[in-house]
Amino acid sequence: MSPLPGILKGLATTARTAMRPTHTAEYPDVAPDLPPRSRGVIALLEENCTSCMLCARECPDWCIYIDSHKETVPATTEGGRDRQRNVLDRFAIDFSLCMYCGICIEVCPFDALFWSPQFEYSEVDIRDLIHEKDRLGQWMATVPPPPALDERAAEPGEIAAATKPARGAGLVGGAGTAPGAGATGPGARMPRTVRPRPAGTGTRPPTPREPLTGTPESVPDDTPPAAGPPADGETR
Ligand code: SF4
Ligand code: SF4
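### Structural notes on the overall build of the chain
Check the secondary structure of the chain and you find five helices and five strands. For the chain, the α and β elements follow one another from N to C terminus as α-β-α-β-β-α-β-β-α-α. Of all 236 residues assigned to the chain, the portion counted as buried reaches 8%. Put simply, 61% of the contacts in the chain that link residues at least 6 apart link residues at least 24 apart.

Here it is as structure tokens:
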């Protein structure tokens, strides 16, 4: 079998790819352009951490170590009660065990953990991959800012609740009616028409009752007759 077809095929492949731009990464001379949500290392914002232990309990690798103690905070007002708060003594993550699942960051209810795209923290000694809270805090400087909100996204619930018109707003003459405050969407209520009142008739005074005259016997009795068995021949 002649080797010529194979040689020609190889030359054609070489000629086809020779003109394409290269994709060689020149790391470490050129830093890679990583996506903003890259999972490099976990950063700790210590001020937000309440030592609730939620992240340590949810970590599937058990590689988060937390130590804390309680501290009594004196009452700030006279007659008030002293309060207790947790003080973080140790917060460490063992990155030799971490599998970068992100569960700890997801479950933290106080936004104390963040992803940083930094990945250059390899060590010769594996024991040095345990990052204590000081080192975890230093990674906060490399956490990228959150992405801008999507203009077409639904309004956050907090903002919708804060801008919700007060009760009675939208009614003509109602409290909190703002000029131009439109209730034009689906489900908007029709404005109630308030009839103008003559001047000086703000509130209708109660109608005075006629004084009763005569003896108690002459006063007609409005009490309906008590229900009882019908008389013979009487129908109801
Ligand atoms: S990323 Fe996952 S494995 Fe790593 S510390 Fe957090 S919960 Fe544990
Ligand atoms: S980092 Fe978050 S989840 Fe973990 S102990 Fe601190 S507050 Fe709790």
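Resuming the write-up.
### Notes on the nonpolar core
Judged by nonpolar contacts, the single largest core of 19 residues is most densely connected at Ile42, Ala43, Leu44, Cys55, Cys104, Leu113 and Leu136. Put simply, the parts of the chain that give this core at least two residues each are β1 (41-44), β3 (83-94) and β4 (113-116). At four residues, β1 tops the list of elements feeding residues into this core. Here Cys55 is in contact with Ile64, Cys104, Val107, Cys108 and Leu113, once residues within four sequence places are set aside.

### Remarks on helix α1 (residues 4-18)
Here α1 contains 15 residues, and its C-alpha end-to-end distance of 21 Å stays within 8% of the 21 Å for a straight helix at 1.5 Å per residue. The buried fraction of α1 is low, at zero of 15 residues.

### A closer look at the confidence of the model for the chain
The predicted model of the chain averages 80 in pLDDT, with 71% of residues at 70 or higher. Note on residues 216-220: pLDDT is under 50 here. Beyond four places in sequence and across chains, it has two contacts. Counted against residues more than four places away or in other chains, residues 230-236, with its pLDDT under 50, gives one contact.

### Observations concerning unusual backbone geometry
Residue Pro28 is reached from Tyr27 by a cis peptide bond, and omega for that bond is 10 degrees. For Pro28, the location among the structural elements is in the loop between α1 and β1. Despite not being glycine, Ser51 has its phi angle at roughly 60 degrees, a positive value. Mapped onto the fold, Ser51 is located in the loop between β1 and α2 (54-58). Backbone geometry at Asp111 places phi at a positive 50 degrees, although glycine is not the residue there.

### Let's talk about the sheet that holds β3
Strand order in this open sheet of three strands is β2-β3-β5, and the pairing throughout is antiparallel. This sheet does not close on itself; its edge strands, each paired only once, are β2 (64-73) and β5 (130-131). Pairing of β2 with β3 involves 10 bridges; the strand directions are antiparallel. Across the sheet, Lys70 pairs through a bridge with Asn86, a residue of β3.

### Observations regarding the site of ligand 2
Close to ligand 2 lie Cys49, Thr50, Ser51, Cys52, Met53, Leu54, Cys55, Ile66, Cys108, Phe110, Ala112 and Leu113. Counted by class, the shell around ligand 2 contains 10 nonpolar, two polar and no charged residues.

### Re the pairing of β1
Along β1, one buried face is formed by Val41 and Ala43 and the opposite face, lined by Ile42 and Leu44, is buried too. In the sheet, β1 pairs with β4 via four bridges, with the strands oriented antiparallel. Across the sheet, Val41 pairs through a bridge with Ser116, a residue of β4.

Quick notes on the rules
Residues numbered from 1 in each chain as written. Chains lettered and ligands numbered in written order. Predicted model: local features only at pLDDT ≥ 70, side-chain atom pairs only at ≥ 80, totals over all residues. Helix = DSSP H or I, 4+ residues; strand = E, 2+ residues; numbered from the N terminus. Buried ≥ 20, exposed ≤ 12 C-beta atoms within 10 Å, placed from the backbone. Contact = placed C-beta atoms within 7 Å. Core = buried A, V, L, I, M, F, W, Y, C linked by C-beta atoms within 7 Å. Expected span 1.5 Å × (residues − 1). pLDDT = per-residue confidence, 0-100. Pairing = 2+ DSSP bridges. Near = placed C-beta within 6 Å. Nonpolar A, V, L, I, M, F, W, Y, C, P; charged D, E, K, R; others polar.

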